[in-house]
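What the coordinates show
These are the residues of each chain, in order.
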Amino acid sequence: IRRPPRSTLDRSSAASDAYKRQIILIAAKLSGEFCERFLKIPPVLGELAAGIIIGPYALGGLSIGSLAPLFAINEGVGVNPLSNIPQEIWVIGQIAAVILLFVAGLETDLKQFLRYIGPASVIALGGVILPFILGISSVVLIGEVDDWGDPKALFMGALMTATSVGITARVLADIGKLNTPEGVTIIGSAVIDDVLGILILSIVVGMVESGGTSGGEIARIASIAIGFWVALTGIILLTATKLFRFISGFRVSGAPLVLALALAFLGAGLAELAGLAMIIGAYSVGLGLSTTPLRRLIEEPLTGLYHGLVPVFFVVMGMLVDVTTMGNALVFGIVFTILAIIGKIVGSGAPALITGFNSIGAWRIGLGMMPRGEVALIIAGIGLSRGVIGTDLFGVSILMTVITTLLAPLLLVPSFKKGGPGHHATTTIPEQ
């Protein structure tokens, strides 16, 4: 059966969409390269900035001479800002988000994580509870909502609990402090932080979609979220060895990578069916398989795929930022950011003092837990796409993410260069 010929308009539209995809992909890599090579800051910041600049609310929405805007803005009440992003680019961004969380779970050292589960859990709880309370309070006190149990307030509280495992781990590895007591505790706490934050996010999204805000409804959603995460992670852990043998048994080129990603997307799909965020499923699969040599088996092709797709996600997140709306909420954005910094430094640092760390170690842990990075961007994107928050609070989320992600490496590196040991035991954990 022959496909009917495309009209001139269809061909023109297809060419325009291809042009947009090229712009986004090029912007993602050039901005990340510039930040990492010249500014010595995480490339995610450059990718996010590039998305804001070329997005429909900035240069991408301007007409230059006879040239039409790169991205036309769909205006009107209730218009979803996602409609301003080419659908195929948004799909790539969502695929990248699944890969991002799958890799984060896969790179988690489960044995080392379990060794410091005690102190890390206490620190993680402090790093979740205080920021969560501050996030909810800030939205209520500015009059954005009237009810402390409003999903919008709860969502901003959940957003503030996020911690970027990837950014902190990269900084600690670069300065050779990943296996110090502070380093291991930070990573363990950040992992627990993310799980708790994702669970809170799942509860909030479930409340929005079901319309239930009662205590019984919250308990039901929480039990589903926790039960699903424990069950999925447990099943993968129990079958990890058999799964690895099955995956590694294939001789077809690229089969291990494809099968591993298939499991990640299966977990993401199951999470969606359960009414949860897909990223919790992808992370659970990665965490369950982290006990096997799978990462070494697929490291080379997975790294190429990761660096090819994940930057697109951050550029797309930047493109969703309405800079005009963000300017209108600038004061609240600054206040929200300050509270986010205080929430992590105090919320995580204070419990560290009672788990064997001195004031220097507590300061380092607080700083290490501060960057929100890709985790907050994923949460913010879910909130925007599900209609929990609007473009104004999304802009506030981006501002908080950028500042905390930038400040953390700038302060964390000097904190390790001076001050001496941060733990009363003053020992370095040997490599496993």
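Structural notes, computed from the coordinates.

Over the atoms rolls a probe the size of a water molecule, and in doing so it shows where empty space is left. Summed over the entire model, instances satisfying the criterion amount to one cavity of 30 Å³ or more. When its volume is computed, the largest cavity comes out at roughly 60 Å³. Residue assignment for the lining of the largest cavity shows that the elements contributing at least two residues are α3 (87–106), α11 (278–289), α12 (294–319) and α16 (373–385). Sort the elements by how many residues they give to the lining of the largest cavity and α16 lands first, with four residues.

Once that is clear, we can look at the packing of aromatic side chains. All chains considered together, the criterion is met by four aromatic pairs. Ring geometry for Phe34 and Phe38: centres 5.5 Å apart, planes at 45°, overall tilted. On the criterion of helical spacing, the pair formed by Phe34 and Phe38 is a turn pair, its members being four residues apart in helix α1 (residues 8–39). Residue Phe34 is classed as partly exposed on the basis of its relative accessible area of 42%. Seen in terms of ring centroids, Phe332 and Phe336 are 5.7 Å apart; in terms of plane orientation they differ by 50°. Their pairing is tilted. Residue Phe332 and its partner Phe336 are both found in helix α14 (residues 330–353); the two are separated by four residues, about one turn of the helix. When sorted by exposure, Phe332 lands in the same class as Phe336, which is buried. A cation over a ring is seen here: Arg364 above Phe416, with NZ or CZ 4.7 Å from the ring centre.

Below, the discussion takes up the pattern of salt bridges. In total, this model carries four salt bridges according to the counting rule given. The shortest N-O distance in the salt bridge between Asp193 and Lys344 comes to 2.5 Å. Of this pair, Asp193 sits in helix α8 (residues 181–210) while Lys344 sits in helix α14; the two residues are 151 residues apart in sequence, bridging distant segments of the chain. Residue Lys344 is classed as buried on the basis of its relative accessible area, which comes to 0%.

So, on to the nonpolar core. Within the largest apolar cluster, 126 residues are counted, with the highest numbers of intra-cluster contacts made by Phe102, Met156, Leu289, Met317 and Phe394. Looking at which element gives the most residues to this core, the answer is α8, with 13 residues. Those residues in contact with Met156, other than ones at most four positions away along the chain, are Gly135, Val139, Phe336, Ile389, Leu393, Val396 and Ser397.

Moving on to the packing of helix α2 (residues 43–54) against helix α17 (residues 391–417). It is at 10 Å that the axes of α2 and α17 come closest, and there the two elements cross at 150°. When the axis of α2 is compared with that of α17, the two are roughly antiparallel. Crossing handedness for the pair α2 and α17: left-handed. Residues Val44, Leu45, Leu48 and Ile52 of α2 form the contact with α17, whose own contacting residues are Ile398, Val402, Thr405 and Leu406. Here the residues of the contact of α2 with α17 sort into seven nonpolar, one polar and no charged.

Moving on to the side chain of Thr404. By the secondary structure assignment, Thr404 is in helix α17. Beyond its immediate sequence surroundings of up to four residues, Thr404 is in contact with Ala340, Ile341, Met370, Pro371 and Arg372.

Mapped onto the elements of the fold, Met369 is located in the loop between α15 (359–368) and α16. Sequence-wise, Met369 and Gly343 are 26 residues apart; in three dimensions their C-alpha atoms are separated by 9.8 Å. Excluding residues within four positions of it along the chain, Met369 makes contact with Thr163, Ile186, Ser189, Ala190, Asp193, Lys344 and Ser348.

Quick look at the environment of Gly387 now. Mapped onto the elements of the fold, Gly387 is located in the loop between α16 and α17. Taking the relative accessible area as the measure of exposure, Gly387 reaches 52% and is therefore exposed. For the pair Gly387 and Val208, spaced 179 residues apart in the sequence, the C-alpha separation amounts to 8.5 Å.

With that out of the way, let us pick up the packing of helix α5 (residues 117–141) against helix α6 (residues 151–160). Across the interface, α5 lies against α6 with an axial gap of 7 Å and an inter-helix angle of 140°. Our classification of the angle between α5 and α6 gives oblique. The crossing of α5 and α6 is right-handed. For the pair α5 and α6, the contacting residues are Pro131, Phe132, Leu134, Gly135, Ile136, Val139 and Val140 in the first and Ala153, Leu154, Met156, Gly157, Ala158 and Met160 in the second.

The rules we used
- Residues numbered from 1 in each chain as written.
- Predicted model: local features only at pLDDT ≥ 70, side-chain atom pairs only at ≥ 80, totals over all residues.
- Heavy atoms only, no water.
- 1 Å grid on protein atoms, 1.4 Å probe; cavity = no way out; pocket = protein on both sides within 12 Å on 5 of 7 lines; lining within 4 Å.
- Points joined across faces, edges and corners; volume = space filled by probe spheres on them.
- Helix = DSSP H or I, 4+ residues; strand = E, 2+ residues; numbered from the N terminus.
- Phe/Tyr/Trp six-rings, centres within 6.5 Å; stacked < 30°, edge-to-face > 60°.
- Buried < 20%, exposed > 50% of the residue type's maximum accessible area, 1.4 Å probe, protein only.
- Lys NZ or Arg CZ within 6 Å of the ring centre and 35° of its normal.
- Salt bridge = Lys/Arg side-chain N within 4 Å of Asp/Glu carboxyl O.
- Core = buried A, V, L, I, M, F, W, Y, C linked by side-chain atoms within 4.5 Å.
- Contact = heavy atoms within 4.5 Å.
- Axes fitted to C-alpha atoms, helices over the stretch in contact; angles between N-to-C directions.
- Parallel < 35°, antiparallel > 145°, perpendicular 65-115°, else oblique.
- Left-handed = near helix turned anticlockwise from the far one by under 90°.
- Nonpolar A, V, L, I, M, F, W, Y, C, P; charged D, E, K, R; others polar.

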